[in-house]
Amino acid sequence: LLYFFIIIYYTRSLGSLKPTSSPSKQIPYGIELLQDSSCIGKNGTCSPSWCTNVQNSACVDPYADSVVDMASIIGSYSCKQCTQSSLSICSSEYLLSVIKRGGGLYAAYCTDNYLVIHSNGSPNHKDGLLSVPQPPGGGSGPYSSSCVTRTYRKQYTPYKIPLYPILLSTASASNNINAFSSTSNPSNIPGFGLPESGPLAITVSGMQLFPLYNNEGTITQERCEIDKCNGHSGQGFDYHYHGDPFSWINGSCMYSPDDY
């Protein structure tokens, strides 16, 4: 639950790419990725200015024209007979006050045990995928000969976030350290747990947020594969974040100074 509501602030302390007054910013593991006050690096993205642009052709999404009818999908769910949680965060007033509209988040409500989110994975801002210096490769061969992902597709995804999480018996930052195995750079993975698959959190706009690391154990910013909002499109043509989706320019990314 905390991930859903405070993840945009939590990720800032893990490696935000712009200065902020509070809390203090920390760049992990000595990585120098600061560009300027607006996170403007190569091509106006959060990728460092020393990145180079690749000329690989853009991947073609075979399902690009598919339509996601969110109303029909959500309407097809059968009702569960339960008493909705009485937690204050489950009230319509509270949810409406924190949800970011204008993107792919279509429904948010509580059952007795879960906060349920329905999203189509569309950001509440214009993406910068065409400006990413070196997007993820879409093929199985060498990157130099692979297509790259410069578009995303709306995809229905539901999320169930426990309202009453059960704490582990022992508190440790490395409780699930063995859950994630890098495909090529295992030594790059830091000394704290990361999930084997899927996002770390869901933003208040209904978007997936992953660690700073990509599936190869390389920091995405250092790999030059993110746009102006710390996002990119994966091999499944899903747009998601690998860092703080903040911009000093109102409306440019997921949130801005107007949200404070």
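Scroll up to find the structure.
Notes on the structure in this doc start here. Since this is a predicted model, take the numbers as computed values, not measurements.

1. Some remarks on unusual backbone geometry
Even without being glycine, Cys 224 reaches a positive phi, approximately 65°. You can see Cys 224 is positioned in the loop between β5 (208-209) and β6 (231-233). According to the relative accessible area criterion, Cys 224 is buried, its value standing at 3%. The phi dihedral of Phe 237 falls on the positive side, at around 60°, and the residue is not glycine. Mapped onto the secondary structure, Phe 237 falls in the loop between β6 and β7 (239-241).

2. Concerning the sheet that holds strand β2 (residues 114-119)
Read from one edge to the other, the open sheet built from three strands follows the order β1-β2-β3, with strand pairing classed as antiparallel. Strand pairing shows two members of the sheet lacking a second neighbour, β1 (105-110) and β3 (157-162), which therefore form its edges. Between one strand axis and the next, the sheet turns through 15° on average, direction left out of account.

3. Side note on the pattern of salt bridges
Per the counting criterion, the structure on display carries two salt bridges. Taking the shortest distance from any N to any O, the salt bridge between Arg 153 and Asp 61 comes out at 2.6 Å. Of this pair, Arg 153 sits in the loop between β2 and β3 while Asp 61 is found in the loop between α1 (2-15) and α2 (70-75), placing the two residues 92 residues apart along the sequence. As far as burial versus exposure is concerned, Arg 153 and Asp 61 are alike and both buried. For Lys 100, the salt bridge is made with Asp 259, and the minimal N-O distance between the two is 2.8 Å. Pair noted here: Lys 100 is in the loop between α3 (92-98) and β1 and Asp 259 is in the segment after β7, with a separation of 159 residues, a long-range link.

4. Focus: the pairing of β2
Of all six residues in β2, five are buried, a share of seventy percent or more. Relative to β2, β1 runs antiparallel, the two being bridged by five bridges. Residue pairing for β2: Tyr 109 is matched across the bridge by Val 116. Where β1 folds back onto β2 in an antiparallel hairpin, the turn is made up of three residues.

5. Structural notes on the state of the cysteines
Applying the stated criterion across every chain yields a total of four disulfides. The partner cysteine of Cys 51 in its disulfide is Cys 224, sulfur to sulfur 2.1 Å. Taking the sign of the torsion about the S-S bond as the criterion, the disulfide between Cys 51 and Cys 224, at about -85°, is left-handed. Here Cys 51 is found in the loop between α1 and α2, whereas its partner Cys 224 is found in the loop between β5 and β6, with 173 residues between them in sequence. You can call Cys 51 buried: its relative accessible area is 2%. There is a disulfide in this structure between Cys 59 and Cys 147, and the S-S distance comes to 2.1 Å. Residues Cys 59 and Cys 147 are joined through a disulfide that is right-handed, its torsion about the S-S bond being 95°.

So, how was this worked out
- Residues numbered from 1 in each chain as written.
- Predicted model: local features only at pLDDT ≥ 70, side-chain atom pairs only at ≥ 80, totals over all residues.
- Heavy atoms only, no water.
- Helix = DSSP H or I, 4+ residues; strand = E, 2+ residues; numbered from the N terminus.
- Buried < 20%, exposed > 50% of the residue type's maximum accessible area, 1.4 Å probe, protein only.
- Pairing = 2+ DSSP bridges.
- Axes fitted to C-alpha atoms, helices over the stretch in contact; angles between N-to-C directions.
- Salt bridge = Lys/Arg side-chain N within 4 Å of Asp/Glu carboxyl O.
- Disulfide = S-S within 2.5 Å.

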